[in-house]
Number of protein chains: 2
Amino acid sequence: MAYRPTEKTEAHKRARNKSLLDAAIKVVAKEGFQALTISAVADEASVATGTVYKYFENKAHLCTEVFRAGSGREVEQVQAAAFPKDRSKSCRERLSDAITIFAQRALAGHRFAYALIAEPVDPMVEAERLKYRHAYAGIFSSLIEEGMDRQEFALQDPVLTAAAIVGALAETLVGPLGIGAPASGQFNEQQLIDGITTFCLKAVQK
Amino acid sequence: MAYRPTEKTEAHKRARNKSLLDAAIKVVAKEGFQALTISAVADEASVATGTVYKYFENKAHLCTEVFRAGSGREVEQVQAAAFPKDRSKSCRERLSDAITIFAQRALAGHRFAYALIAEPVDPMVEAERLKYRHAYAGIFSSLIEEGMDRQEFALQDPVLTAAAIVGALAETLVGPLGIGAPASGQFNEQQLIDGITTFCLKAVQK
DNA sequence: CAATAAAGTGAATATAGGTTCATATTATTG
DNA sequence: CAATAATATGAACCTATATTCACTTTATTG
(Lines give C-alpha, C1' and ligand atoms only; values in the text may rest on other atoms or scores of the structure.)
Protein backbone atom coordinates (compact mmCIF):
# COMPACT_ATOMS: atom_id res chain seq x y z
CA MET A 1 0.00 0.00 0.00
CA ALA A 2 1.45 3.33 -0.96
CA TYR A 3 -0.93 5.87 -2.40
CA ARG A 4 -4.21 7.41 -1.49
CA PRO A 5 -5.85 10.57 -2.82
CA THR A 6 -5.47 13.30 -0.25
CA GLU A 7 -7.28 16.56 0.36
CA LYS A 8 -4.56 18.45 -1.46
CA THR A 9 -4.92 16.37 -4.61
CA GLU A 10 -8.69 16.51 -4.42
CA ALA A 11 -8.49 20.27 -4.21
CA HIS A 12 -6.21 20.35 -7.18
CA LYS A 13 -8.65 18.16 -9.07
CA ARG A 14 -11.51 20.50 -8.31
CA ALA A 15 -9.42 23.48 -9.28
CA ARG A 16 -8.46 21.96 -12.57
CA ASN A 17 -12.01 20.96 -13.29
CA LYS A 18 -13.03 24.55 -12.74
CA SER A 19 -10.18 25.90 -14.83
CA LEU A 20 -11.20 23.67 -17.71
CA LEU A 21 -14.80 24.80 -17.46
CA ASP A 22 -13.68 28.42 -17.25
CA ALA A 23 -11.53 27.90 -20.30
CA ALA A 24 -14.48 26.46 -22.21
CA ILE A 25 -16.69 29.38 -21.21
CA LYS A 26 -13.97 31.80 -22.20
CA VAL A 27 -13.72 30.21 -25.62
CA VAL A 28 -17.48 30.42 -26.13
CA ALA A 29 -17.61 33.98 -24.85
CA LYS A 30 -14.87 35.00 -27.24
CA GLU A 31 -15.74 33.07 -30.37
CA GLY A 32 -18.95 31.17 -29.77
CA PHE A 33 -19.78 27.51 -29.67
CA GLN A 34 -18.49 27.28 -33.18
CA ALA A 35 -14.99 27.56 -31.70
CA LEU A 36 -15.56 25.20 -28.80
CA THR A 37 -13.29 22.30 -29.67
CA ILE A 38 -11.51 20.05 -27.24
CA SER A 39 -8.15 21.29 -28.35
CA ALA A 40 -9.18 24.94 -28.04
CA VAL A 41 -10.22 24.28 -24.46
CA ALA A 42 -7.01 22.38 -23.79
CA ASP A 43 -4.94 25.23 -25.20
CA GLU A 44 -6.85 27.87 -23.27
CA ALA A 45 -6.29 25.92 -20.04
CA SER A 46 -2.72 25.02 -20.99
CA VAL A 47 -3.19 21.29 -20.75
CA ALA A 48 -3.15 18.43 -23.24
CA THR A 49 -6.28 17.28 -25.01
CA GLY A 50 -6.19 13.98 -23.18
CA THR A 51 -6.45 15.81 -19.87
CA VAL A 52 -9.79 17.25 -20.84
CA TYR A 53 -11.06 13.70 -21.09
CA LYS A 54 -9.93 13.00 -17.54
CA TYR A 55 -12.46 15.62 -16.42
CA PHE A 56 -15.25 15.42 -18.96
CA GLU A 57 -16.52 12.19 -20.38
CA ASN A 58 -16.89 13.66 -23.83
CA LYS A 59 -17.66 16.85 -25.66
CA ALA A 60 -21.40 16.62 -25.09
CA HIS A 61 -20.87 16.57 -21.34
CA LEU A 62 -18.57 19.53 -21.58
CA CYS A 63 -21.20 21.45 -23.54
CA THR A 64 -23.80 20.56 -20.97
CA GLU A 65 -21.60 21.96 -18.24
CA VAL A 66 -20.95 25.14 -20.17
CA PHE A 67 -24.68 25.64 -20.55
CA ARG A 68 -25.35 24.80 -16.95
CA ALA A 69 -22.70 27.17 -15.69
CA GLY A 70 -23.51 29.89 -18.18
CA SER A 71 -27.23 29.83 -17.77
CA GLY A 72 -27.34 28.94 -14.10
CA ARG A 73 -26.69 32.46 -12.97
CA GLU A 74 -29.00 33.87 -15.63
CA VAL A 75 -31.88 31.64 -14.68
CA GLU A 76 -31.33 32.47 -11.03
CA GLN A 77 -31.57 36.18 -11.71
CA VAL A 78 -34.77 35.80 -13.66
CA GLN A 79 -36.18 33.54 -10.96
CA ALA A 80 -35.30 36.15 -8.35
CA ALA A 81 -37.05 38.85 -10.33
CA ALA A 82 -40.11 36.71 -10.88
CA PHE A 83 -40.36 35.56 -7.28
CA PRO A 84 -38.75 38.18 -5.05
CA LYS A 85 -38.66 37.87 -1.27
CA ASP A 86 -40.69 41.03 -1.05
CA ARG A 87 -44.17 39.79 -1.79
CA SER A 88 -45.74 43.18 -2.27
CA LYS A 89 -45.24 43.43 -6.01
CA SER A 90 -47.98 42.50 -8.40
CA CYS A 91 -47.52 39.62 -10.82
CA ARG A 92 -47.68 42.08 -13.63
CA GLU A 93 -44.79 44.01 -12.16
CA ARG A 94 -42.80 40.87 -11.50
CA LEU A 95 -43.31 39.59 -15.02
CA SER A 96 -42.11 42.91 -16.33
CA ASP A 97 -39.07 42.73 -14.06
CA ALA A 98 -38.25 39.19 -15.09
CA ILE A 99 -38.44 40.02 -18.80
CA THR A 100 -36.36 43.12 -18.31
CA ILE A 101 -33.69 41.25 -16.39
CA PHE A 102 -33.54 38.57 -19.04
CA ALA A 103 -33.18 41.05 -21.86
CA GLN A 104 -30.77 43.34 -20.06
CA ARG A 105 -28.43 40.55 -19.15
CA ALA A 106 -28.60 39.10 -22.64
CA LEU A 107 -27.77 42.47 -24.15
CA ALA A 108 -24.98 43.10 -21.68
CA GLY A 109 -23.47 39.63 -22.01
CA HIS A 110 -23.31 39.99 -25.74
CA ARG A 111 -21.29 37.29 -27.37
CA PHE A 112 -21.84 34.74 -24.65
CA ALA A 113 -25.53 35.48 -24.29
CA TYR A 114 -25.92 35.23 -28.04
CA ALA A 115 -24.14 31.91 -27.95
CA LEU A 116 -26.50 30.63 -25.28
CA ILE A 117 -29.67 31.95 -26.83
CA ALA A 118 -29.34 31.88 -30.54
CA GLU A 119 -25.99 31.15 -32.13
CA PRO A 120 -26.39 28.48 -34.77
CA VAL A 121 -24.78 25.49 -33.16
CA ASP A 122 -24.54 21.85 -33.96
CA PRO A 123 -27.38 19.57 -32.92
CA MET A 124 -25.69 18.29 -29.79
CA VAL A 125 -25.42 21.79 -28.36
CA GLU A 126 -28.86 22.72 -29.60
CA ALA A 127 -30.33 19.93 -27.54
CA GLU A 128 -28.80 21.52 -24.44
CA ARG A 129 -30.21 24.85 -25.40
CA LEU A 130 -33.72 23.44 -25.44
CA LYS A 131 -33.35 22.42 -21.81
CA TYR A 132 -32.06 25.85 -20.95
CA ARG A 133 -35.06 27.49 -22.55
CA HIS A 134 -37.27 25.09 -20.72
CA ALA A 135 -35.95 26.34 -17.40
CA TYR A 136 -37.04 29.85 -18.29
CA ALA A 137 -40.41 28.65 -19.47
CA GLY A 138 -40.94 27.00 -16.10
CA ILE A 139 -40.39 30.27 -14.28
CA PHE A 140 -42.75 32.20 -16.51
CA SER A 141 -45.32 29.46 -16.30
CA SER A 142 -45.42 29.55 -12.50
CA LEU A 143 -45.67 33.28 -12.49
CA ILE A 144 -48.53 33.27 -14.95
CA GLU A 145 -50.33 30.68 -12.93
CA GLU A 146 -50.06 32.83 -9.86
CA GLY A 147 -51.22 35.83 -11.84
CA MET A 148 -54.32 33.95 -12.93
CA ASP A 149 -55.08 32.89 -9.37
CA ARG A 150 -54.83 36.48 -8.30
CA GLN A 151 -57.00 37.46 -11.23
CA GLU A 152 -54.38 39.81 -12.56
CA PHE A 153 -54.00 37.86 -15.77
CA ALA A 154 -56.57 36.47 -18.15
CA LEU A 155 -57.31 32.77 -17.99
CA GLN A 156 -54.92 30.98 -20.31
CA ASP A 157 -52.70 27.95 -20.65
CA PRO A 158 -49.68 29.05 -18.62
CA VAL A 159 -47.33 26.56 -20.26
CA LEU A 160 -48.28 27.75 -23.71
CA THR A 161 -47.96 31.39 -22.78
CA ALA A 162 -44.63 30.80 -21.10
CA ALA A 163 -43.27 29.13 -24.21
CA ALA A 164 -44.54 32.00 -26.33
CA ILE A 165 -42.79 34.53 -24.09
CA VAL A 166 -39.50 32.65 -24.22
CA GLY A 167 -39.77 32.41 -27.99
CA ALA A 168 -40.60 36.09 -28.33
CA LEU A 169 -37.67 37.04 -26.12
CA ALA A 170 -35.19 34.85 -27.94
CA GLU A 171 -36.28 35.89 -31.40
CA THR A 172 -36.37 39.61 -30.71
CA LEU A 173 -32.94 39.49 -29.12
CA VAL A 174 -31.32 37.49 -31.91
CA GLY A 175 -31.06 40.46 -34.21
CA PRO A 176 -29.50 42.90 -31.75
CA LEU A 177 -27.20 40.22 -30.37
CA GLY A 178 -26.18 38.63 -33.64
CA ILE A 179 -22.72 38.86 -35.07
CA GLY A 180 -22.25 42.02 -37.03
CA ALA A 181 -25.09 43.60 -35.11
CA PRO A 182 -24.55 47.14 -33.91
CA ALA A 183 -22.73 47.23 -30.59
CA SER A 184 -24.80 47.76 -27.50
CA GLY A 185 -25.64 51.43 -27.34
CA GLN A 186 -25.75 51.81 -31.10
CA PHE A 187 -29.42 51.05 -30.96
CA ASN A 188 -31.79 52.11 -28.25
CA GLU A 189 -31.53 49.28 -25.79
CA GLN A 190 -34.15 50.66 -23.45
CA GLN A 191 -36.60 51.04 -26.28
CA LEU A 192 -36.06 47.44 -27.28
CA ILE A 193 -36.59 46.17 -23.76
CA ASP A 194 -39.67 48.31 -23.30
CA GLY A 195 -41.07 47.03 -26.56
CA ILE A 196 -40.67 43.39 -25.63
CA THR A 197 -42.01 43.95 -22.15
CA THR A 198 -45.07 45.74 -23.41
CA PHE A 199 -45.69 43.02 -25.97
CA CYS A 200 -45.61 40.28 -23.35
CA LEU A 201 -47.55 42.12 -20.69
CA LYS A 202 -50.38 42.97 -23.03
CA ALA A 203 -50.52 39.38 -24.16
CA VAL A 204 -51.09 37.96 -20.69
CA GLN A 205 -53.35 40.69 -19.36
CA LYS A 206 -57.09 40.41 -18.88
CA MET B 1 -19.29 20.52 -85.21
CA ALA B 2 -21.31 17.67 -83.84
CA TYR B 3 -23.20 18.37 -80.64
CA ARG B 4 -25.55 20.95 -79.31
CA PRO B 5 -27.88 20.78 -76.32
CA THR B 6 -31.41 20.28 -77.52
CA GLU B 7 -34.82 20.80 -76.01
CA LYS B 8 -34.99 17.17 -75.08
CA THR B 9 -31.75 17.27 -73.11
CA GLU B 10 -32.68 20.55 -71.50
CA ALA B 11 -35.94 19.03 -70.39
CA HIS B 12 -34.16 16.06 -68.97
CA LYS B 13 -31.84 18.39 -67.12
CA ARG B 14 -34.73 20.24 -65.58
CA ALA B 15 -36.43 17.01 -64.67
CA ARG B 16 -33.35 15.66 -62.99
CA ASN B 17 -32.83 18.89 -61.12
CA LYS B 18 -36.34 18.61 -59.80
CA SER B 19 -35.99 14.96 -58.96
CA LEU B 20 -32.88 15.70 -56.92
CA LEU B 21 -34.62 18.47 -55.04
CA ASP B 22 -37.62 16.24 -54.46
CA ALA B 23 -35.33 13.54 -53.18
CA ALA B 24 -33.71 15.97 -50.76
CA ILE B 25 -37.10 17.14 -49.49
CA LYS B 26 -38.21 13.57 -49.11
CA VAL B 27 -35.16 12.76 -47.02
CA VAL B 28 -35.78 15.76 -44.76
CA ALA B 29 -39.47 15.00 -44.48
CA LYS B 30 -38.69 11.45 -43.48
CA GLU B 31 -35.69 11.84 -41.21
CA GLY B 32 -34.95 15.52 -40.85
CA PHE B 33 -31.97 17.62 -41.84
CA GLN B 34 -29.88 15.39 -39.69
CA ALA B 35 -30.18 12.78 -42.44
CA LEU B 36 -29.65 15.14 -45.35
CA THR B 37 -26.35 13.95 -46.75
CA ILE B 38 -25.26 14.10 -50.34
CA SER B 39 -25.20 10.35 -50.59
CA ALA B 40 -28.67 10.00 -49.06
CA VAL B 41 -29.99 12.36 -51.70
CA ALA B 42 -28.11 10.51 -54.42
CA ASP B 43 -29.50 7.18 -53.24
CA GLU B 44 -33.03 8.50 -52.98
CA ALA B 45 -32.81 9.85 -56.53
CA SER B 46 -30.94 6.77 -57.77
CA VAL B 47 -27.94 8.64 -59.08
CA ALA B 48 -24.29 8.82 -58.10
CA THR B 49 -23.03 11.35 -55.61
CA GLY B 50 -21.04 13.12 -58.27
CA THR B 51 -24.24 13.79 -60.20
CA VAL B 52 -25.62 15.82 -57.32
CA TYR B 53 -22.68 18.17 -57.78
CA LYS B 54 -23.59 18.67 -61.43
CA TYR B 55 -26.84 20.24 -60.24
CA PHE B 56 -25.94 21.84 -56.92
CA GLU B 57 -22.67 23.64 -56.32
CA ASN B 58 -22.36 22.23 -52.83
CA LYS B 59 -24.36 21.10 -49.86
CA ALA B 60 -25.11 24.60 -48.65
CA HIS B 61 -26.75 25.45 -51.94
CA LEU B 62 -28.78 22.27 -51.77
CA CYS B 63 -29.96 23.18 -48.28
CA THR B 64 -30.89 26.62 -49.47
CA GLU B 65 -33.02 25.13 -52.20
CA VAL B 66 -34.71 22.74 -49.82
CA PHE B 67 -35.61 25.64 -47.58
CA ARG B 68 -36.74 27.75 -50.47
CA ALA B 69 -38.90 25.01 -51.90
CA GLY B 70 -40.19 23.86 -48.55
CA SER B 71 -40.98 27.24 -47.16
CA GLY B 72 -41.95 28.94 -50.37
CA ARG B 73 -45.41 27.48 -50.36
CA GLU B 74 -45.77 28.07 -46.64
CA VAL B 75 -44.80 31.69 -46.84
CA GLU B 76 -47.15 32.17 -49.77
CA GLN B 77 -50.06 30.80 -47.81
CA VAL B 78 -49.38 33.04 -44.85
CA GLN B 79 -48.95 35.99 -47.16
CA ALA B 80 -52.28 35.19 -48.79
CA ALA B 81 -53.98 35.03 -45.41
CA ALA B 82 -52.41 38.27 -44.27
CA PHE B 83 -53.17 40.14 -47.49
CA PRO B 84 -56.21 38.57 -49.13
CA LYS B 85 -57.73 39.90 -52.33
CA ASP B 86 -60.90 40.57 -50.46
CA ARG B 87 -60.11 43.79 -48.64
CA SER B 88 -63.09 43.72 -46.34
CA LYS B 89 -61.43 41.92 -43.45
CA SER B 90 -59.96 43.79 -40.54
CA CYS B 91 -56.25 43.61 -39.81
CA ARG B 92 -57.06 41.88 -36.60
CA GLU B 93 -58.91 39.19 -38.48
CA ARG B 94 -56.17 38.86 -41.06
CA LEU B 95 -53.50 38.54 -38.40
CA SER B 96 -55.53 35.83 -36.77
CA ASP B 97 -55.91 34.06 -40.10
CA ALA B 98 -52.22 34.28 -40.87
CA ILE B 99 -51.22 32.87 -37.52
CA THR B 100 -53.76 30.10 -37.79
CA ILE B 101 -52.58 29.13 -41.25
CA PHE B 102 -48.99 29.07 -40.12
CA ALA B 103 -49.74 26.88 -37.14
CA GLN B 104 -52.15 24.58 -38.94
CA ARG B 105 -49.74 23.90 -41.74
CA ALA B 106 -46.88 23.36 -39.36
CA LEU B 107 -48.94 20.89 -37.34
CA ALA B 108 -50.16 19.11 -40.43
CA GLY B 109 -46.74 18.96 -42.06
CA HIS B 110 -45.27 17.37 -38.98
CA ARG B 111 -41.78 16.08 -39.53
CA PHE B 112 -40.98 18.43 -42.37
CA ALA B 113 -42.42 21.46 -40.65
CA TYR B 114 -40.49 20.59 -37.53
CA ALA B 115 -37.35 20.31 -39.61
CA LEU B 116 -37.95 23.75 -41.11
CA ILE B 117 -38.90 25.47 -37.90
CA ALA B 118 -37.00 23.95 -35.08
CA GLU B 119 -35.04 20.78 -35.61
CA PRO B 120 -31.56 21.18 -34.22
CA VAL B 121 -29.45 21.45 -37.33
CA ASP B 122 -25.92 22.30 -38.10
CA PRO B 123 -24.93 25.94 -38.41
CA MET B 124 -25.03 26.01 -42.18
CA VAL B 125 -28.66 25.00 -42.22
CA GLU B 126 -29.49 27.22 -39.27
CA ALA B 127 -28.33 30.21 -41.26
CA GLU B 128 -30.90 29.35 -43.92
CA ARG B 129 -33.57 29.03 -41.31
CA LEU B 130 -32.95 32.57 -40.12
CA LYS B 131 -33.70 33.86 -43.61
CA TYR B 132 -36.85 31.80 -43.71
CA ARG B 133 -38.05 33.24 -40.41
CA HIS B 134 -37.22 36.67 -41.69
CA ALA B 135 -39.63 36.20 -44.56
CA TYR B 136 -42.44 35.55 -42.11
CA ALA B 137 -41.44 38.49 -39.98
CA GLY B 138 -41.69 40.71 -43.04
CA ILE B 139 -45.28 39.68 -43.64
CA PHE B 140 -46.32 40.25 -40.05
CA SER B 141 -44.49 43.54 -39.95
CA SER B 142 -46.38 44.90 -42.96
CA LEU B 143 -49.67 43.76 -41.55
CA ILE B 144 -48.99 45.38 -38.20
CA GLU B 145 -48.02 48.59 -39.90
CA GLU B 146 -51.28 48.63 -41.76
CA GLY B 147 -53.14 47.85 -38.56
CA MET B 148 -51.55 50.83 -36.87
CA ASP B 149 -52.45 53.11 -39.75
CA ARG B 150 -56.01 51.94 -39.48
CA GLN B 151 -55.87 52.43 -35.75
CA GLU B 152 -56.80 48.85 -35.11
CA PHE B 153 -53.53 48.14 -33.35
CA ALA B 154 -51.62 50.02 -30.69
CA LEU B 155 -48.65 52.08 -31.77
CA GLN B 156 -45.59 49.86 -31.64
CA ASP B 157 -42.42 48.94 -33.46
CA PRO B 158 -43.80 46.64 -36.16
CA VAL B 159 -40.46 44.97 -36.81
CA LEU B 160 -40.03 44.13 -33.14
CA THR B 161 -43.55 42.86 -32.78
CA ALA B 162 -43.26 40.78 -35.92
CA ALA B 163 -40.10 39.14 -34.63
CA ALA B 164 -41.81 38.44 -31.32
CA ILE B 165 -44.73 36.79 -33.08
CA VAL B 166 -42.47 34.59 -35.17
CA GLY B 167 -40.54 33.62 -32.07
CA ALA B 168 -43.69 32.86 -30.14
CA LEU B 169 -45.05 30.75 -32.98
CA ALA B 170 -41.86 28.78 -33.43
CA GLU B 171 -41.33 28.16 -29.75
CA THR B 172 -44.88 27.10 -28.98
CA LEU B 173 -44.91 24.75 -31.92
CA VAL B 174 -41.59 23.11 -31.10
CA GLY B 175 -43.01 20.98 -28.34
CA PRO B 176 -46.00 19.60 -30.23
CA LEU B 177 -43.92 19.08 -33.36
CA GLY B 178 -40.84 17.64 -31.76
CA ILE B 179 -39.75 14.05 -32.09
CA GLY B 180 -41.47 11.81 -29.61
CA ALA B 181 -44.24 14.36 -29.29
CA PRO B 182 -47.78 13.03 -29.29
CA ALA B 183 -49.08 12.56 -32.80
CA SER B 184 -51.40 15.20 -34.16
CA GLY B 185 -54.76 14.61 -32.59
CA GLN B 186 -53.32 13.33 -29.34
CA PHE B 187 -53.40 16.86 -28.03
CA ASN B 188 -56.01 19.44 -28.75
CA GLU B 189 -54.71 21.08 -31.86
CA GLN B 190 -57.46 23.65 -32.05
CA GLN B 191 -56.88 24.66 -28.48
CA LEU B 192 -53.20 25.17 -29.17
CA ILE B 193 -53.87 27.29 -32.23
CA ASP B 194 -56.47 29.33 -30.39
CA GLY B 195 -54.06 29.90 -27.55
CA ILE B 196 -51.28 31.19 -29.77
CA THR B 197 -53.65 33.35 -31.75
CA THR B 198 -55.13 34.90 -28.65
CA PHE B 199 -51.69 35.55 -27.24
CA CYS B 200 -50.54 37.39 -30.34
CA LEU B 201 -53.74 39.29 -30.92
CA LYS B 202 -53.86 40.63 -27.42
CA ALA B 203 -50.25 41.67 -27.68
CA VAL B 204 -50.77 43.88 -30.71
CA GLN B 205 -54.14 45.29 -29.75
CA LYS B 206 -54.77 48.80 -28.52
C1' DC C 1 13.95 5.35 -1.78
C1' DA C 2 10.62 1.75 -3.53
C1' DA C 3 6.13 0.77 -4.63
C1' DT C 4 1.84 2.26 -6.19
C1' DA C 5 -1.77 4.89 -8.05
C1' DA C 6 -3.45 8.71 -10.08
C1' DA C 7 -2.96 12.54 -13.39
C1' DG C 8 -1.07 14.32 -17.55
C1' DT C 9 0.67 13.93 -22.30
C1' DG C 10 0.08 14.30 -27.29
C1' DA C 11 0.83 11.59 -31.31
C1' DA C 12 -1.87 8.28 -33.50
C1' DT C 13 -6.40 6.63 -34.64
C1' DA C 14 -11.18 6.66 -36.10
C1' DT C 15 -14.96 8.47 -38.43
C1' DA C 16 -17.94 10.86 -41.11
C1' DG C 17 -19.24 13.12 -44.80
C1' DG C 18 -18.27 16.67 -48.31
C1' DT C 19 -15.88 17.10 -52.64
C1' DT C 20 -13.08 15.86 -56.69
C1' DC C 21 -11.81 13.69 -60.94
C1' DA C 22 -10.36 10.18 -64.27
C1' DT C 23 -13.27 7.36 -66.71
C1' DA C 24 -17.52 5.71 -68.90
C1' DT C 25 -21.85 6.60 -70.92
C1' DT C 26 -25.11 8.99 -73.65
C1' DA C 27 -26.82 12.43 -76.93
C1' DT C 28 -26.28 15.13 -81.18
C1' DT C 29 -25.05 16.10 -85.76
C1' DG C 30 -22.61 15.73 -90.42
C1' DC D 1 -20.36 5.70 -88.07
C1' DA D 2 -17.07 9.39 -86.46
C1' DA D 3 -16.46 13.33 -83.90
C1' DT D 4 -17.73 16.03 -80.12
C1' DA D 5 -19.63 17.60 -76.02
C1' DA D 6 -22.36 17.14 -72.25
C1' DT D 7 -23.68 14.15 -68.46
C1' DA D 8 -23.09 10.41 -65.11
C1' DT D 9 -20.29 7.49 -62.25
C1' DG D 10 -18.39 6.20 -57.71
C1' DA D 11 -14.08 5.18 -55.71
C1' DA D 12 -10.56 7.88 -53.84
C1' DC D 13 -9.38 11.94 -51.45
C1' DC D 14 -9.52 15.52 -48.01
C1' DT D 15 -10.39 17.71 -43.87
C1' DA D 16 -11.65 18.45 -39.31
C1' DT D 17 -12.19 16.84 -34.83
C1' DA D 18 -13.39 13.73 -31.34
C1' DT D 19 -11.41 10.16 -28.91
C1' DT D 20 -7.98 6.77 -27.42
C1' DC D 21 -3.92 4.87 -25.29
C1' DA D 22 0.88 3.64 -24.41
C1' DC D 23 3.89 6.21 -22.04
C1' DT D 24 5.64 9.86 -18.73
C1' DT D 25 5.29 12.54 -14.74
C1' DT D 26 3.75 13.52 -10.20
C1' DA D 27 1.95 12.53 -5.57
C1' DT D 28 1.60 9.52 -1.53
C1' DT D 29 3.00 6.44 1.91
C1' DG D 30 5.72 2.72 4.41
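A brief report on the enclosed structure follows. (Residues numbered from 1 in each chain as written. Chains lettered and ligands numbered in written order. Predicted model: local features only at pLDDT ≥ 70, side-chain atom pairs only at ≥ 80, totals over all residues.)

**What to know about the overall build of chain A**
The following threshold applies: Numbered from the N terminus, helices here are DSSP runs of H or I no shorter than four residues, and strands are runs of E no shorter than two. Labels follow a simple rule on C-beta atoms placed from the backbone: if 20 or more others lie within 10 Å of a residue's own, it is buried; if 12 or fewer, it is exposed; otherwise it is partly exposed. C-beta atoms are placed from the backbone for every residue, and two residues are taken to be in contact when these atoms lie within 7 Å.
Scanning chain A for helices and strands turns up 9 helices and 0 strands. Expressed as lengths along the three principal axes of its C-alpha atoms, the size of chain A is roughly 70 × 45 × 30 Å. Taking all 206 residues of chain A together, the buried fraction comes to 39%. Long-range contacts, defined here as pairs at least 24 residues apart, represent 70% of the contacts in chain A between residues at least 6 apart.

**Topic: the environment of Ala127(A)**
Mapping Ala127(A) onto the fold places it in helix H7 (residues 123–149). Through-space distance from the C-alpha of Ala127(A) to that of Thr64(A) is 9.3 Å; in sequence the pair is 63 residues apart.

**What to know about the packing of helix H9 (residues 189–204) of chain A against helix H9 (residues 189–204) of chain B**
If you want to describe how two helices pack, look at the angle between their axes and the distance between the axes. Quick note on the threshold: Only the stretch in contact is used when fitting a helix axis, every axis being a line fitted to C-alpha atoms; angles between N-to-C directions are given from 0 to 180 degrees. Just so you know how the angles are binned, under 35 degrees is roughly parallel, over 145 roughly antiparallel, 65 to 115 roughly perpendicular, and the rest oblique. Note on convention: near helix rotated counterclockwise from far helix by under a right angle means a left-handed crossing. Clockwise means right-handed. In this count, Pro and Cys sit with the nonpolar residues alongside Ala, Val, Leu, Ile, Met, Phe, Trp and Tyr, while Asp, Glu, Lys and Arg are called charged and the others, Gly among them, polar.
It is the contact of H9(A) with H9(B), at a shortest axis distance of 7 Å, that shows an interaxial angle of 120°. Classified by the angle between their axes, H9(A) and H9(B) sit oblique to one another. Relative to H9(B), H9(A) is oriented so that their crossing is right-handed. Counted together, Phe199(A), Lys202(A) and Ala203(A) of H9(A) and Phe199(B), Lys202(B) and Ala203(B) of H9(B) form the full contact between these two elements. Taken together, the residues of the contact of H9(A) with H9(B) sort by class into 4 nonpolar, no polar and 2 charged.

**Details of the environment of Val66(B)**
Residue and element names in this part refer to chain B. As for its placement among the helices and strands, Val66 is situated in helix H4 (residues 59–82). Judged by C-beta crowding, with 25 C-beta atoms within 10 Å, Val66 ranks as buried. Along the primary structure Val66 and Ala113 are separated by 47 residues, whereas in three dimensions their C-alpha atoms are 12 Å apart. Apart from the residues within four sequence positions on either side, Val66 is in contact with Ala24, Ile25 and Val28.

**Some thoughts on the protein's contact with DNA strand D**
The condition that has to hold: Whether a residue is near a molecule or strand depends on its C-beta atom, generated from backbone atoms, being within 6 Å of that molecule or strand.
Inspection of the region around DNA strand D gives 26 residues, with Thr37(A), Ala2(B), Val47(B), Ala48(B) and Gly50(B) positioned closest. Where the surface near DNA strand D is concerned, the elements lending two or more residues are helix H1 (7–31), helix H2 (38–44) and helix H3 (49–55) of chain A together with helix H1 (7–31) and helix H3 (49–55) of chain B. The dominant element in the surface near DNA strand D, judged by the number of residues it contributes, is H3(B), at 4 residues. Of the residues assigned to the surface near DNA strand D, the class counts are 10 nonpolar, 10 polar and 6 charged.

**A few points about the relation of the copies chain B and chain A**
Spelled out, the test is: When the copies are superposed, the least-squares fit takes in the C-alpha atoms of residues with a pLDDT of at least 70 in both.
Mapping chain B onto chain A calls for a screw motion: a turn of 180° about the axis and a shift of 0.0 Å along it, with 0.1 Å RMSD after fitting. Look at the turn and shift together and you get a two-fold axis relating the two. In this assembly, 100% of the residues forming the interface of chain B have copies in chain A that are likewise at the interface, indicating an isologous arrangement.

**Concerning the protein's contact with DNA strand C**
As a matter of local geometry, DNA strand C sits amid 26 residues, with Ala2(A), Val47(A), Ala48(A), Gly50(A) and Thr37(B) nearest to it. Of all the secondary structure elements, the ones that give two or more residues to the surface near DNA strand C are H1 and H3 of chain A together with H1, helix H2 (38–45) and H3 of chain B. It is H3(A) that provides the largest number of residues to the surface near DNA strand C, a total of 4 residues. Of the residues in the surface near DNA strand C, the class split is 10 nonpolar, 10 polar and 6 charged.

**Remarks on the packing of H4(B) against helix H7 (residues 123–149) of chain B**
All names here are of chain B. At a minimum axis separation of 10 Å, H4 and H7 run at an interaxial angle of 15°. Taken together, H4 and H7 sit at an angle that is classed as roughly parallel. The interaxial crossing formed by H4 with H7 has right-handed handedness. Two secondary-structure elements touch here, H4 through Ala60, Cys63, Thr64, Phe67, Ser71, Val75, Val78, Gln79 and Ala82 and H7 through Met124, Val125, Glu128, Tyr132, Ala135, Tyr136, Ile139 and Leu143.

**Quick notes on the interface of chain B and chain A**
Facing 27 residues of chain B, the contacting portion of chain A comprises 27 residues. Mapped by element, the contributors of at least two residues to the side of chain B that touches chain A are H7, helix H8 (158–177) and H9 of chain B. With 11 residues, H8(B) is the largest single contributor of residues to the side of chain B that touches chain A. For the side of chain B that touches chain A, the class distribution of residues is 14 nonpolar, 8 polar and 5 charged.

**Concerning the nonpolar core**
Keep this limit in mind: Only buried Ala, Val, Leu, Ile, Met, Phe, Trp, Tyr and Cys residues enter a nonpolar core, and they are joined through C-beta atoms within 7 Å.
Formed by 117 residues in total, the largest nonpolar core has its most connected members in Ala24(A), Leu169(A) and Leu169(B). Setting aside chain neighbours within four positions, we find Leu169(B) in contact with Ile99(B), Phe102(B), Ala103(B) and Ile196(B).

**A look at the environment of Asp157(B)**
Within the element layout of this structure, Asp157(B) appears in the loop between H7 and H8. For the pair Asp157(B) and Arg133(B), spaced 24 residues apart in the sequence, the C-alpha separation amounts to 18 Å.

**Considerations on unusual backbone geometry**
All names here are of chain B. The phi torsion at Ser46 lies on the positive side, around 55°, for a residue other than glycine. Judged by C-beta crowding, with 9 C-beta atoms within 10 Å, Ser46 ranks as exposed. A positive phi is found at Gln151, a non-glycine position, where the angle reads about 60°. Within the secondary structure, Gln151 sits in the loop between H7 and H8. For Gln151, a count of 10 C-beta atoms within 10 Å puts it in the exposed group.

**A look at H7(A)**
Definition in use: Here, expected helix span is obtained from the residue count minus one, scaled by 1.5 Å.
With 27 residues, H7(A) should reach 39 Å at 1.5 Å per residue; the first-to-last C-alpha distance of 39 Å fits that figure. Positive backbone phi, at 60°, marks Gln151(A), one or two positions downstream of H7(A).

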